[in-house]
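Reading the structure
What follows is the residue order along each chain.
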Amino acid sequence: MQPVIELADVDLTLGEGAARVHVLKGVSLSIAPGETVSLLGPSGSGKSTLLMTLAGLERPDAGVVRIDGRDLGVLSEDELARFRGAKIGVVFQSFQLIPTMTALENVAVPLELAGKGDAFAIAEAELAAVGLSHRLSHYPTQLSGGEQQRVALARALAPDPLILAADEPTGNLDSETGASVIDLIFAQQKRRGATLVLVTHDPGLAARCGRRVRLRSGRIESDSA
Ligand code: ADP
Ligand code: MG
């Protein structure tokens, strides 16, 4: 089967001058459709940068990133943004909702910008799927952390992406709330047959993924089922 995510010899350096850091060093990784993969490793090992790279939010200095068979390196910024919007949903530790928009608008407006005609109806259904039908008109500051992350999850899933990329999605939540968000992530991933790439520090959570990729100093140290 063609991998949905394929990285070949990816190198990436971030920062300028004395702050320059060689973050990813010759990373190669191939992920099949529907896999659940956790990204583990010490703080600063490059987990977030690798996730952003495979989500098309960082461009490597060298090497190839292929998503659903498409080489991201040949796409213009506009093409990449459109492709990413259709294929990859991203959830961050810090939720990253737009504070001036309601829950419904946070989900619907990106869909509308992507040219979906029934954006608000889709958004309402996605918010229902994460149990937030009663919070459509609430602004992010009026929502709990768990609710905000569920809005972010609905936003990420609304385009029905092939890939869900989550960077420590429970890092800002208490353990009980975090567990319910994680259950929701796995339930939605399974229902949609999406590929999940999940950055986590939690060994118990990593154990729920079919595959564990461990980074150390920007290199893949181990990759095991
Ligand atoms: P992790 O998520 O595993 O903690 P990151 O991918 O966030 O690691 O960061 C990996 C390394 O890259 C760290 O040393 C970090 O300081 C560095 N880094 C990340 N982003 C930047 C940046 N924009 N400029 C300079 N260095 C960066
Ligand atoms: Mg990180």
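Above this note sits the structure.
The paragraphs below set out a description of the structure included in this document. In this text, all values refer to a predicted model and were calculated from it rather than measured experimentally.

With respect to the overall build of the chain
When you go through the chain residue by residue, the secondary structure sums to seven helices and 10 strands. A compact globule built from 225 residues should have a C-alpha radius of gyration of about 17 Å, and the chain, at 17 Å, falls within 12% of that. Expressed along its principal axes, the backbone C-alpha trace of the chain runs to roughly 45 × 40 × 40 Å. Pairs at least 24 apart in sequence give 69% of the contacts found in the chain among residues at least 6 apart.

Structural notes on the sheet that holds strand β4 (residues 62–67)
Here four strands make up an open sheet; going across it, the order is β2-β1-β4-β5 and the pairing antiparallel. Edge positions in the sheet fall to β2 (21–31) and β5 (70–71), since each has one partner strand and no second. Pairing of strand β1 (residues 5–14) with β2 involves seven bridges; the strand directions are antiparallel. Bridge pairing in β2 links Leu12 to Leu24. Strands in contact with helix α1 (residues 47–54) are β1, β2 and β4; relative to β1, the strand with the most contacts, it is inclined by about 125 degrees.

As for the packing of helix α3 (residues 103–113) against helix α4 (residues 119–129)
Packed helices, taken two at a time, are described by their axes: the angle between them and the distance between them. Interaxial distance between α3 and α4 falls to 8 Å at its minimum, and their mutual angle equals 135 degrees. Taken together, the axes of α3 and α4 are oblique relative to one another. The two elements α3 and α4 meet at a crossing, and its hand is right-handed. Here α3 contributes Ala103, Leu104, Val107, Ala108, Leu111 and Glu112 to the contact with α4, which in turn contributes Ala119, Phe120, Ile122, Ala123, Glu124, Glu126 and Leu127. Of the residues contributing to the contact of α3 with α4, the split by class is 10 nonpolar, no polar and three charged.

Points about the site of ligand 1
Taken together, 13 residues lie near ligand 1, and Leu14, Gly15, Lys47, Ser48 and Thr49 sit nearest. Those elements that place two or more of their residues in the shell around ligand 1 are β2 and α1. The element contributing the most residues to the shell around ligand 1 is α1, with three residues. Across the shell around ligand 1, the residue classes tally to four nonpolar, eight polar and one charged.

Digging into the pairing of strand β8 (residues 195–199)
Counting buried positions over the five residues of β8 gives five, a clear majority of the element. On β8, burial covers both faces: Thr195, Val197 and Val199 on one face and Leu196 and Leu198 on the other are all buried. For strand β3 (residues 36–40) and β8, the ladder comprises four bridges, and the chain directions are parallel. Within the sheet, the bridge partner assigned to Thr36 lies in β8 and is Leu196. The pairing of strand β7 (residues 163–167) with β8 spans five bridges and is classified as parallel.

So, how was this worked out
- Residues numbered from 1 in each chain as written.
- Chains lettered and ligands numbered in written order.
- Predicted model: local features only at pLDDT ≥ 70, side-chain atom pairs only at ≥ 80, totals over all residues.
- Helix = DSSP H or I, 4+ residues; strand = E, 2+ residues; numbered from the N terminus.
- Rg over C-alpha atoms; globule rule 2.2 N^0.38 Å.
- Contact = placed C-beta atoms within 7 Å.
- Pairing = 2+ DSSP bridges.
- Axes fitted to C-alpha atoms, helices over the stretch in contact; angles between N-to-C directions.
- Parallel < 35°, antiparallel > 145°, perpendicular 65-115°, else oblique.
- Left-handed = near helix turned anticlockwise from the far one by under 90°.
- Nonpolar A, V, L, I, M, F, W, Y, C, P; charged D, E, K, R; others polar.
- Near = placed C-beta within 6 Å.
- Buried ≥ 20, exposed ≤ 12 C-beta atoms within 10 Å, placed from the backbone.

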